[in-house]
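Each chain is listed here by its residues.
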Amino acid sequence: MTSTDDVTEGKILLAEYDRLKDEQKTRIGFRDNLLYFTLAAATAVVAITVQSGQSRLLLSVPAICLILGWTYLVNDEKISAIGRYVRDRLGPRLGELTSAHGAVFGWEIYHRNVAGRTVRKRLQTAVDLFTYLVLPMVCTTAFWCSPAAQPLLVLASLGQTLALAVLGWQFLRRTER
């Protein structure tokens, strides 16, 4: 058993850093797998639709993309929030305690300034928008052009389209510049 004398603010901050980085790592893996799962689910729906000839099944792709896209965004926001917290609060506080010369947890700042980061972030946003906005809209458009486009289903698809527009706006709004 450790005595309270062994517990210091520095140790607590380092333990917090370790826990936050574990959470960030887990969230990154989950977020990245959501992208693959979304593409696999959409592909499966399209394949089933082609085999069955029931074009109304295509309307499940926007629903899938809305749910998984929002989950992707929430995880991405938490990943970024952890990074900001470490850069803006935890690192400076630990730096004060240790009288460090320079940034503590330098990687948190360094990796944000590497060459090509802006281009990579824009390409990732394009991939995200394709997966969570363009792909479901292609399926929706294919449904609209099909003989199965009945008024109630078209109305439902218009609601999905509005929700997809909000999701796309959220992706663009949260893109780091």
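The structure presented is a predicted model; accordingly, all values stated were derived computationally and were not measured. Along each chain, numbering runs from 1 in the same order as the chain's sequence is written. Note on the predicted model: pLDDT of at least 70 is required for a residue's local features to be given, and 80 or more for side-chain atom pairs to be given and counted; whole-chain, interface and lining totals, by contrast, use all residues. Computation of side-chain values covers all heavy atoms of the structure but excludes hydrogens and water.

(A) Local environment of the packing of helix 2 (residues 60-98) against helix 4 (residues 117-144). A fitted line through C-alpha atoms serves as each axis, taken over the contacting stretch for helices, and the angle formed by two N-to-C directions is quoted from 0 to 180°. Secondary structure elements are defined from DSSP: runs of H or I of at least 4 residues count as helices, runs of E of at least 2 residues count as strands, and each element is numbered from the N terminus. Two elements in contact, helix 2 and helix 4, have axes separated by 8 Å at closest approach and are oriented at 160°. By the angle between their axes, helix 2 is roughly antiparallel relative to helix 4. Read as a crossing pair, helix 2 and helix 4 show a hand that is left-handed. Listed contacts from helix 4 to Val 61, Pro 62, Cys 65, Leu 68, Gly 69 and Tyr 72 of helix 2 are Gln 124, Asp 128, Thr 131, Tyr 132, Pro 136, Cys 139 and Thr 140. Each residue receives one of three labels: charged for Asp, Glu, Lys and Arg, nonpolar for Ala, Val, Leu, Ile, Met, Phe, Trp, Tyr, Cys and Pro, and polar for the others, Gly being one of them. Here the residues of the contact of helix 2 with helix 4 are counted per class, giving 8 nonpolar, 4 polar and 1 charged. Reported orientations rely on four angle classes, namely roughly parallel under 35 degrees, roughly antiparallel over 145, roughly perpendicular from 65 to 115, and oblique for the rest. Left-handed describes a crossing whose near helix is turned anticlockwise from the far helix by less than a right angle; the clockwise case is right-handed. Here, residues are in contact when the closest pair of their heavy atoms is within 4.5 Å.

(B) A look at the pattern of salt bridges. The working definition used for a salt bridge is a side-chain nitrogen of Lys or Arg within 4 Å of a carboxyl oxygen of Asp or Glu. Following the criterion strictly, the structure yields 7 salt bridges and no others. Linking Arg 31 and Asp 32 is a salt bridge whose minimum nitrogen-to-oxygen distance equals 3.0 Å. The cut-offs for exposure are 20% and 50% of the maximum accessible area for each residue type, with area from a 1.4 Å probe on protein chains only; residues under the lower value are buried, those over the upper are exposed, and the others partly exposed. Note on Arg 31: relative accessible area 14%, which makes it buried. Residue class for Asp 32 comes out partly exposed when judged on its relative accessible area of 30%. One network of salt bridges, with partners in common, ties together Glu 9, Arg 93 and Glu 96.

(C) Geometry of the packing of aromatic side chains. Pairing of aromatic rings covers Phe, Tyr and the six-membered ring of Trp, with a centre-to-centre limit of 6.5 Å; geometry is then stacked below 30 degrees between planes, edge-to-face above 60, and tilted otherwise. Under the counting rule described, the total for this entry stands at 4 aromatic pairs. Consider the rings of Tyr 72 and Phe 171, whose centres lie 5.8 Å apart with planes at 40°: the pair is tilted. Taken together, the residues Tyr 72 in helix 2 and Phe 171 in helix 5 (residues 151-173) connect sequence positions 99 residues apart. You can call Tyr 72 buried: its relative accessible area is 3%. By relative accessible area, Phe 171 is classed as buried at 6%. Plain terms: the ring middles of Tyr 132 and Phe 171 are 5.6 Å apart, the flat faces sit at 10° to each other, and that makes the pair stacked. Placement of Tyr 132 in helix 4 and of Phe 171 in helix 5 is noted, with a sequence separation of 39 residues between them. Overall, the relative accessible area of 1% leaves Tyr 132 in the buried class. An aromatic cluster of three or more residues is present, and its members are Tyr 72, Tyr 132 and Phe 171. For a Lys NZ or an Arg CZ to count as sitting over a ring, it must be within 6 Å of the ring centre and within 35 degrees of the ring normal. Positioned over the ring face of Trp 169 is Arg 173, at 5.3 Å from the centre of the ring.

(D) Inspection of the environment of Asn 75 at higher detail. If you trace the backbone, Asn 75 turns up in helix 2. Contacts of Asn 75, omitting those with residues within four sequence positions, involve Arg 27, Phe 30 and Arg 31. Counting of polar contacts relies on pairs of N or O atoms within 3.5 Å, with two restrictions inside protein: one atom must be capable of donating a hydrogen and the other of accepting it, and residues adjacent in sequence are counted only when both atoms are side-chain atoms. Within the structure, Asn 75 has its side chain in polar contact with the side chain of Arg 27 (distance 2.8 Å).

(E) Geometry of helix 1 (residues 9-52). If you check helix 1, its first and last C-alpha atoms are 63 Å apart, about what 44 residues at 1.5 Å a residue would give, namely 64 Å. After helix 1 finishes, the residue Gly 53 shows a positive phi value of roughly 75°. To estimate how far a helix should reach, multiply one less than its number of residues by 1.5 Å.

(F) Looking closely at the state of the cysteines. The criterion for a disulfide is a pair of cysteine sulfur atoms lying within 2.5 Å. Throughout the structure, instances matching the rule amount to 0 disulfides. Note on Cys 65: no disulfide assigned, nearest cysteine sulfur contributed by Cys 139 at a separation of 7.4 Å. For Cys 139, a relative accessible area of 5% gives the class buried.

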